[in-house]
Amino acid sequence: MTQDPVLWNDWHPVAWSHQVPPGALVPVQLLDEELVVWRRTDGALQAWDDRCPHRGARLSLGRVAGDTLTCPYHGWRFDGDGRCVLRPAQPGGPLPKDPVVDTFHVRERHGLVWVCLGTPAHDVVPFEEFGDPRLRDVFAGPYAVDACGPRVVENFIDMAHFGFVHDGILGDAHTTEIPPYDVEPFVDATGRAGVRAIGMTVTQPRANPQATAPADVRYGYRISRPLQAILTKQVAGAGVAEAVTLFIQPVAETRCLVWMVFSALRSPETDDEVRAFQDMVFAQDKPILESQRPKRLPLQVRAELAQRADLLSAHYRRYLREIGLSAGVSP
C-alpha cells in the first residue's frame, strides 16, 4: 500500500485498552504495517515494529520483563526506547547506542489504544459524550470488513438504507422517504475542520435495545477525520442524546476493523445486550459493504449516481478531496 500522508499522520484505533494489561504483547496490523502493542510495568504503552532487528522474528512472540521486551529467538532485550540492552550470546560485548527497533506514537482515549505511524498532525478525535455521567459507555467490535474505510464511513452516515438493510429495526420498508436536512462546516475541539449534519429526523421501529414501540429519532452526524464519524441520536421524550462512534482501523487499503463506542442511555439492559444489538445491526451492513464496487470510494463528482438524501455523503466526499486523501479512494 502506498503511504498516504493523511492517514500516516493520523491516529487510528488498534486495540481496547483493557486488552493490553501490563506484560501483554498484542500484535496488530495498521496500514499494511505489522506492529506490536505492549504495556510496561509502570503502565506506559508502547507501539513498535513487530520485528526484531537481529533476525526478523516477531517480537510479539517474546515476553515483557519489567520495562523491557525480550525477543523470542535469541533473547535480545530492548528497553522502552527501542534500544538493545542485552545480547545473551555476547553479554559483555558493546551494545548499539541508538534505538534499533522502530517505535511509534501511542495514546489511550475513549477506552481505546491509538497509534500514529508518522508525525501526528493533530490530537485524537474528540468524543465529548464519552464519560458523560448521564450515559454509560459500552464497547462493540471490532468488526472485520473486506471494504475500504471510506465506504464504511459513508454507510454509517447514510440513512436512506435503513428501510432496506435494517427493516424492522432502524427503518421500515413501507416508510422510506428521508426528509430534507442540512449539512454545515464545523470545527471540533482540537481545531480540526469538518462537516456535520443537523435537522435529521426519522421514525424507527426499534431505535435502541430498550425500545418497545416505534419512535421519532433526531439524528446528527459530525466528521472531522477521514475514517472516523460520530452519530448522536435522541429519541423523542428522552432527556439526553446518546452517541455512537465509528472508529476505523485501516488494516490495508480495502480491509479494515471497525471499533464502536456507545455512550448509551442508562437502561436495565446489560452491556452484553446493548452490544448484541449493535452486532446484529452491523451483521446486516457487512455483506452490503463487501459487495460494493469499485472497492475504492470514487471521489469524482458524478462517478456514482446520487439523490437528495445523499447530501451528507456528497459533503464527505468533498471533504476527502480537500484534505488530499489517496488511500481507499479513487480520484
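Coordinates for the structure precede this section.
To keep things clear, this report deals only with the structure shown in the data block.

**Some points on the sheet that holds strand S10 (residues 112–116)**
Piece 1. The six strands lie next to each other as S1-S10-S9-S4-S3-S2, forming an open sheet whose pairing is antiparallel. Of all strands in the sheet, those with a lone pairing partner are strand S1 (12–16) and strand S2 (25–30), marking the two edges. Going from strand to strand, the sheet's axes swing by 35° on average, the running direction of each strand aside.
Piece 2. As paired elements, S2 and strand S3 (residues 33–39) share six bridges and run antiparallel to each other. Looking at S3, one finds that Gln29 is bridged to Glu34.

**Examining the pattern of salt bridges**
Where charged atoms from two side chains of opposite charge approach closely, those side chains can pair.
Piece 1. Across all of its chains, the model carries 19 salt bridges by this definition.
Piece 2. With its nearest N and O atoms 3.7 Å apart, the salt bridge here joins Arg58 to Glu34. Within this pair, whereas Arg58 is found in the loop between strand S4 (45–49) and strand S5 (63–65), its partner Glu34 is found in strand S3, the two being separated by 24 residues in sequence.
Piece 3. Residue classification places Arg58 among the partly exposed residues on the basis of a relative accessible area of 38%.

**Concerning the pairing of S1**
Piece 1. Among the five residues in S1, five count as buried, and that is most of the element.
Piece 2. Bridge count for S1 against S10 is four bridges, and the pairing is antiparallel. Its bridge partner lying in S10, His12 is registered against Val115.

**Topic: empty space enclosed by the protein**
Piece 1. Enumeration according to the criterion identifies three cavities of 30 Å³ or more in this entry.
Piece 2. What the largest cavity holds in volume is close to 360 Å³.
Piece 3. Considering the residues around the largest cavity, the lining is formed by 30 residues, among which Leu170, Leu231, Val244, Gln278 and Val281 are closest to the centre.
Piece 4. Among the elements of the structure, helix H2 (149–156), strand S14 (215–225), strand S15 (228–235), strand S16 (242–252), strand S17 (255–265) and helix H4 (271–291) are those that each provide at least two residues to the lining of the largest cavity.

Conventions adopted
- The numbering scheme is per chain: residues are counted from 1 as the chain's sequence reads.
- Note on the predicted model: pLDDT of at least 70 is required for a residue's local features to be given, and 80 or more for side-chain atom pairs to be given and counted; whole-chain, interface and lining totals, by contrast, use all residues.
- Side-chain figures throughout are based on the complete set of non-hydrogen atoms in the structure, without hydrogens or water.
- When DSSP finds two or more bridges between two strands, those strands count as paired.
- Only DSSP runs of H or I covering at least 4 residues are called helices, and only runs of E covering at least 2 are called strands; the numbering of each starts at the N terminus.
- Axis definition: a line fitted to C-alpha atoms, limited for helices to the stretch in contact. Angles are taken between N-to-C directions and run from 0 to 180 degrees.
- Here, a salt bridge means any side-chain nitrogen of Lys or Arg that lies within 4 Å of a carboxyl oxygen of Asp or Glu.
- With a 1.4 Å probe rolled over the protein chains alone, any residue whose accessible area is under 20% of its type maximum counts as buried; one over 50% counts as exposed, and the rest are partly exposed.
- In this analysis the probe radius is 1.4 Å and the grid spacing 1 Å, with only protein atoms considered; a cavity is a set of points the probe fits into but cannot get out of, a pocket is an open set with protein on both sides within 12 Å along at least five of seven lines, and lining residues have an atom within 4 Å of a point.
- Grid points are joined across faces, edges and corners, and a volume is the space filled by probe spheres set on the points.

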